[in-house]
Amino acid sequence: MKILVTGAAGFIGGNYVHYIVEKYPEDEVVALDKLTYAGNLETLEPVMDKIKFVKEDICNREAIFKLFEEEKFDVVVNFAAESHVDRSIEDPEVFLMTNIIGTQVLMDASRKYGVKRFHQVSTDEVYGDLPLDRPDLLFTEDMPLITSSPYSASKASADLLVEAYNRTFKLPVTISRCSNNYGPYQFPEKLIPLMISRALDDEKLPVYGKGENVRDWLHVKDHCSAIDLIVRNGKDGEVYNIGGNNERTNLEVVKTILKELGKSEDLINYVTDRPGHDLRYAIDPTKIETELGWVPEYDFDTGIKQTIQWYLDNKSWWEKIISGEYQEYYEKMYIEKGR
Ligand code: NAD
Ligand code: DAU
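Parameters at a glance
- Residues numbered from 1 in each chain as written.
- Chains lettered and ligands numbered in written order.
- Predicted model: local features only at pLDDT ≥ 70, side-chain atom pairs only at ≥ 80, totals over all residues.
- Heavy atoms only, no water.
- Near = heavy atom within 4 Å.
- Polar contact = N/O pair within 3.5 Å; in protein donor to acceptor, adjacent residues only side chain to side chain.
- Areas by Shrake-Rupley, 256 points an atom, 1.4 Å probe, with all protein chains shown as cover.
- Helix = DSSP H or I, 4+ residues; strand = E, 2+ residues; numbered from the N terminus.
- Nonpolar A, V, L, I, M, F, W, Y, C, P; charged D, E, K, R; others polar.
- 1 Å grid on protein atoms, 1.4 Å probe; cavity = no way out; pocket = protein on both sides within 12 Å on 5 of 7 lines; lining within 4 Å.
- Points joined across faces, edges and corners; volume = space filled by probe spheres on them.
- Phe/Tyr/Trp six-rings, centres within 6.5 Å; stacked < 30°, edge-to-face > 60°.
- Buried < 20%, exposed > 50% of the residue type's maximum accessible area, 1.4 Å probe, protein only.
- Lys NZ or Arg CZ within 6 Å of the ring centre and 35° of its normal.
- Axes fitted to C-alpha atoms, helices over the stretch in contact; angles between N-to-C directions.
- Parallel < 35°, antiparallel > 145°, perpendicular 65-115°, else oblique.
- Left-handed = near helix turned anticlockwise from the far one by under 90°.
- Contact = heavy atoms within 4.5 Å.
- Expected span 1.5 Å × (residues − 1).

A.B. asks: I'm lost on the site of ligand 1 in this one. Help?
C.D. replies: Looking at ligand 1, there are 28 residues lining it, with Ile12, Asp33, Ser83, Tyr151 and Lys155 nearest. At a separation of 2.7 Å, an oxygen atom of ligand 1 approaches a polar side-chain atom of Ser83. One nitrogen or oxygen atom from the main chain of Val121 is found 3.5 Å from an oxygen atom belonging to ligand 1. Burial of ligand 1 by the protein chains amounts to 96% of its free accessible area of 830 Å². Elements represented by at least two residues in the shell around ligand 1 include exactly helix H1 (11-23), strand E5 (117-123) and helix H5 (150-169). It is E5 that provides the largest number of residues to the shell around ligand 1, a total of three residues. Broken down by class, the residue content of the shell around ligand 1 amounts to 12 nonpolar, 11 polar and five charged.

Printed below as a string of structure tokens:
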């Protein structure tokens, strides 16, 4: 099978490439990424000799069509996106371009060149949020899309477009909507790696509002195994929610990190809340569990300990991000060496 993975130098796309290369050595993987601020080629370095890397923008229609014509992909898994809610509040436009138009370009190319499955990696944020005082309520696939941030609105728009291409053009598609991921290679602007890296440097930890908002945490490897199952066995046109029933308040997460690192809770700094801040996310994963037999491997307590250890063992990976050095990597490895 020949797979195009977009957004492959990002957190989840990178982990997915590692997962596929290890599990299916016979598959051919083309890893595409624009290398925005969030893309880091060092994430792909351990598997670089087993894949083909293409630096490209999914919005570049001409280049994307040329690539599809040359490569004849069986499957496209679209991770490429602007993914950070706070950035979407500062500057929404690039979110609409990449997350909506980029998805459309990939689907147009998939239609023209006969891709057998287009998988859209979406998010639970398209369902809006749930109240804090109704733990019985969970997101199910049949809920309406009600969004809060420009990020979630762009992801929901893309989902609607994917469903439209399935119905109108019969493009074979699946969509997955996952809860918050954590694990190795996550960019240190997101809650968990931000708090780990700042705590290690004894810097203040900015907790929005009172830290009461709830997220449903899933280890990135469990997200990868779920997507793999959907791509191979999921039904055409279907949406699958992915989540592991690991709800925690932000404050609980931050305190766990501080405890694990042996740091004082005095580092916690309550700051102005995120505008439009979603209160609670919680996934009902019954469909993927019963229809596809997906079982997550990690519970949060074990996964977070391993993740903290990964950031301790791989300080140079995130320190280069914080210093900005990682952005010179492509230049050094590909342009200067003529690769
Ligand atoms: P990320 O920001 O770490 O990675 C995104 C990658 O996409 C980066 O490598 C970036 O360079 C690349 N990219 C951005 N614009 C591009 C463009 N125009 N063309 C090509 N590449 C481009 O994000 P992530 O956390 O790995 O998220 C991946 C996907 O999973 C996103 O679609 C996101 O909406 C979804 N998702 C994320 C989470 C989470 O908790 N992080 C949960 C559910 C769903
Ligand atoms: O639910 C899936 C989504 O999870 C994905 O679609 C997004 O791409 C991903 O970024 C993530 O969105 P969140 O907004 O939930 O993640 P973030 O790590 O930005 O924030 C997690 C929670 O922590 C949220 O309630 C805001 C809070 N927070 C975040 C940061 C960065 C803080 O309190 N302080 C911070 O500095």
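And the narrative resumes.
A.B. asks: Explain the site of ligand 2 to me, please; I cannot follow it from the model alone.
C.D. replies: The local shell around ligand 2 holds 24 residues, among which Thr123, Asp124, Tyr151, Arg274 and His277 are the closest. His277 is positioned with one of its side-chain polar atoms (N or O) 2.7 Å from an oxygen atom of ligand 2. Those elements that provide at least two residues to the shell around ligand 2 are helix H6 (191-200) and strand E8 (205-208). Per-class residue counts for the shell around ligand 2 are 10 nonpolar, eight polar and six charged.

A.B. asks: What's the story with empty space enclosed by the protein in this structure? I'm lost.
C.D. replies: The method is simple in principle: a probe with the dimensions of a water molecule rolls over the atoms, and the space it marks as empty is what remains. Applying the stated criterion across every chain yields a total of two cavities of 30 Å³ or more. Here the largest cavity is characterised by a volume of approximately 50 Å³. Taken together, Val85, Glu125, Ser148, Ser149, Arg215, Arg274, Pro275, Gly276, His277, Asp278 and Tyr281 form the lining of the largest cavity. Split by residue class, the lining of the largest cavity holds three nonpolar, four polar and four charged. Lining the second largest cavity, in full, are Ala9, Gly10, Phe11, Ala38, Asn40, Thr43, Tyr185, Phe187, Trp317 and Ile321.

A.B. asks: What exactly am I supposed to notice about the packing of aromatic side chains here?
C.D. replies: Note on aromatic pairs: each is described by the distance of the centres and the angle between the planes. Under the criterion given, the structure shown has 15 aromatic pairs. Ring geometry for Phe95 versus Tyr151: centroids 6.4 Å apart, planes at 80 degrees, classification edge-to-face. Taken as a pair, Phe95 in helix H4 (residues 93-112) and Tyr151 in helix H5 lie far apart in primary sequence, 56 residues in all. We note that Phe95, like Tyr151, is buried. By the ring-pair criterion, three or more aromatic residues cluster together here, those being Tyr185, Trp310, Tyr311 and Trp317. Stacked on the ring of Tyr37, the Lys or Arg Arg87 has its end atom at 3.4 Å from the ring centre. The ring of Tyr240 has Lys287 lying over it, and the distance from NZ or CZ to the ring centre is 4.8 Å.

A.B. asks: Just to check I follow, could you spell out the packing of H6 against helix H10 (residues 300-313) for this structure?
C.D. replies: In helix packing, the relevant descriptors are the interaxial angle and the interaxial distance, both defined with respect to the helix axes. In the contact formed by H6 and H10, the axes pass within 11 Å of each other and the chain directions differ by 50 degrees. Between H6 and H10, the crossing angle belongs to the class labelled oblique. Handedness of the H6/H10 crossing: right-handed. On the side of H6, the interface is formed by Ile192, Pro193, Ile196 and Leu200, while H10 contributes Phe300, Ile304, Ile308, Tyr311 and Leu312. Looking at the contact of H6 with H10 residue by residue, the classes come out as nine nonpolar, no polar and no charged.

A.B. asks: Is there a simple way to think about H4 in this case?
C.D. replies: Three- or four-residue spacings in an α-helix give side chains the same orientation, since the helix completes a turn every 3.6 residues. With 20 residues, H4 should reach 28 Å at 1.5 Å per residue; the first-to-last C-alpha distance of 28 Å fits that figure. Along its buried surface, H4 packs onto strand E1 (2-6), helix H2 (61-71), strand E4 (75-78), helix H3 (85-90), E5 and H5.

A.B. asks: In this structure, what is going on with the environment of Lys2? I would like to understand it.
C.D. replies: Residue placement: Lys2 occurs in strand E1. For Lys2, a relative accessible area of 15% puts it in the buried group. In this structure the C-alpha to C-alpha distance between Lys2 and Glu71, which are 69 residues apart in sequence, comes to 8.2 Å. Once residues within four sequence positions are removed from consideration, Lys2 is found in contact with Glu28, Glu71, Lys72, Phe73, Asp74 and Val75. Reaching out from Lys2, the side chain makes a polar contact with the side chain of Glu71 at a distance of 2.6 Å.

A.B. asks: Explain the layout of surface pockets here, please?
C.D. replies: Estimated volume of the second largest pocket: approximately 250 Å³. Taken together, Asn15, His18, Tyr19, Glu22, Lys23, Pro184, Tyr185, His219, Val220, Lys221, Cys224 and Tyr298 make up the lining of the second largest pocket. Counting residues per element, the ones that place at least two in the lining of the second largest pocket are H1 and helix H7 (220-233). The element contributing the most residues to the lining of the second largest pocket is H1, with five residues. Taken together, the residues of the lining of the second largest pocket sort by class into six nonpolar, three polar and three charged.

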